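Each chain, letter by letter, is given below.
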Amino acid sequence: MKCPFCGYAMSKVLNSRPTEDNKSIRRRRQCEKCERRFTTYEKIESMPIMVIKSNQTRETFERDKLLKGILRSCNKRHISLEQIEVIVCEIENQIYASERKEISSSEIGEIAMRYLKQIDEVSYIRFASVYKKFKDIDEFIVELENIKKTKS
C-alpha cells in the first residue's frame, strides 16, 4: 500500500478490525520509510448491477436514487429516517442477493412498494402514483380501493 504522505510503496499493518456494518475491514498501517500512520479500508469488490429502464436503456444501480424516491414519498409523514434507511438497505440487499447482473426498474419499484405498503399507506400511494404513472383519477381511485380491501 502506497504511503499517502511520502509515496513509499511498503507499509505494515498494525491493526485490523471489521467495520460496524461488517462489510469491510479497517486496517491501521505504518509506512516503513517515514513511519507515519494511516488508515485503509478493504472491501469485497462487487460487480455493478445494471438497471433496465422502461425505455430499455441501462444504467448502473444507484442506491441514492432509490433513497431519494422513497424520501420524497415519505415527505411530511411520521416515518423516521432510520426506517427509510432500513427499507433502502433491505431493497439493496435483496437486489444484490439475487446475484443477477441486471434488474428492471419495474422490479425495483415493486419491491419498494411492498415495503412502503407495510409501513405507511400514504407514502405507498405517493410512490405508486409516480411509479405506476396513473393516467387519470380513476386509476388512482382503483388503487385506493385495493388498499381499503386489503386493510379490511
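Scroll up to find the structure.
Let me sum up the structure you'll find in this document. (Residues numbered from 1 in each chain as written. Predicted model: local features only at pLDDT ≥ 70, side-chain atom pairs only at ≥ 80, totals over all residues. Heavy atoms only, no water.)

1. Details of the nonpolar core
Put simply, the rule is: Definition of nonpolar core: a set of buried residues of the types Ala, Val, Leu, Ile, Met, Phe, Trp, Tyr and Cys, connected through side-chain atoms within 4.5 Å. Only protein chains enter the accessibility calculation, which uses a 1.4 Å probe; a residue is then buried when its area is under 20% of its type maximum, exposed when over 50%, and partly exposed in between. Helix numbers and strand numbers start at the N terminus; a helix is a DSSP run of H or I with at least 4 residues, a strand a run of E with at least 2. In this description, contact between two residues means that some pair of their heavy atoms is separated by no more than 4.5 Å.
The biggest cluster of nonpolar side chains holds 26 residues, and the ones touching the most others in it are Leu 66, Ile 70 and Ile 91. Every element with two or more residues in this core is listed here: helix 1 (63-73), helix 2 (81-97), helix 3 (105-119) and helix 4 (121-131). Here this core takes 6 residues from helix 3, the largest share from any one element. Those residues in contact with Leu 66 that lie beyond four places of it in its chain are Phe 61, Val 88, Ile 91, Ile 108 and Ala 112.

2. Thoughts on the state of the cysteines
Under the convention used in this document: Disulfides are defined as pairs of cysteine sulfur atoms found within 2.5 Å of each other.
Following the criterion strictly, the structure yields 0 disulfides and no others. Free of any disulfide, Cys 31 has its nearest neighbouring cysteine sulfur in Cys 6, separated by 3.6 Å. On the accessibility criterion, Cys 31 (1% relative accessible area) is buried. For the unlinked cysteine Cys 89, the closest cysteine sulfur is that of Cys 74, found at 14 Å.

3. A short note on the layout of surface pockets
For the record, the criterion: Space inside and on the surface of the protein is sampled on a 1 Å grid over the protein atoms alone, with a cavity defined as a set of points where a 1.4 Å probe fits but cannot get out and a pocket as an open set with protein on both sides within 12 Å along at least 5 of 7 lines; lining residues have an atom within 4 Å of a point. Grid points are joined across faces, edges and corners, and a volume is the space filled by probe spheres set on the points. All amino acids are sorted into three groups, where Ala, Val, Leu, Ile, Met, Phe, Trp, Tyr, Cys and Pro are nonpolar, Asp, Glu, Lys and Arg are charged, and the leftover types, Gly among them, are polar.
Each pocket or cavity is described by its volume, and for the largest pocket that value is around 780 Å³. Along its surface, the largest pocket is lined by 26 residues, and Lys 53, Ser 105, Gly 109, Phe 127 and Tyr 131 are the ones closest to its centre. If you list the elements that add at least two residues to the lining of the largest pocket, you get strand 4 (50-52), strand 5 (58-60), helix 1, helix 3 and helix 4. Considering every element that reaches the lining of the largest pocket, the biggest residue donor is helix 1, with 6 residues. Partitioning the lining of the largest pocket into residue classes produces 8 nonpolar, 10 polar and 8 charged. If you add up the space inside the second largest pocket, you get close to 550 Å³. Along its surface, the second largest pocket is lined by Asp 21, Asn 22, Lys 23, Ser 24, Glu 42, Lys 43, Ile 44, Ser 46, Cys 89, Glu 92, Asn 93 and Tyr 96. Looking at the lining of the second largest pocket, the elements that each hand over two or more residues are strand 3 (37-43) and helix 2. Examining the composition of the lining of the second largest pocket, we find that 4 residues originate from one element, helix 2, more than from any other.

4. Description of the packing of helix 1 against helix 4
Selection rule: Every axis corresponds to a line fitted to the C-alpha atoms, with the helix fit spanning only the stretch in contact, and the corresponding angles, defined between N-to-C directions, vary from 0 to 180 degrees. Here is the rule for angles: anything less than 35 degrees is roughly parallel, anything more than 145 is roughly antiparallel, 65 through 115 is roughly perpendicular, and the remaining ranges are oblique. Each crossing gets its hand from how the near helix is turned against the far one by less than a right angle, where anticlockwise is left-handed and clockwise is right-handed.
Packing of helix 1 against helix 4 brings their axes to within 8 Å, and their N-to-C directions diverge by 125 degrees. Classified by the angle between their axes, helix 1 and helix 4 sit oblique to one another. Every pair of crossing elements has a handedness; the one defined by helix 1 and helix 4 is right-handed. Contact with helix 1, carried on its side by Gly 69, Ile 70, Arg 72 and Ser 73, involves Ser 123, Arg 126 and Phe 127 of helix 4 and no other residues of that element. Here the contact of helix 1 with helix 4 is composed, by residue class, of 2 nonpolar, 3 polar and 2 charged.

Scope: geometric values only; no functional claims are made or implied.
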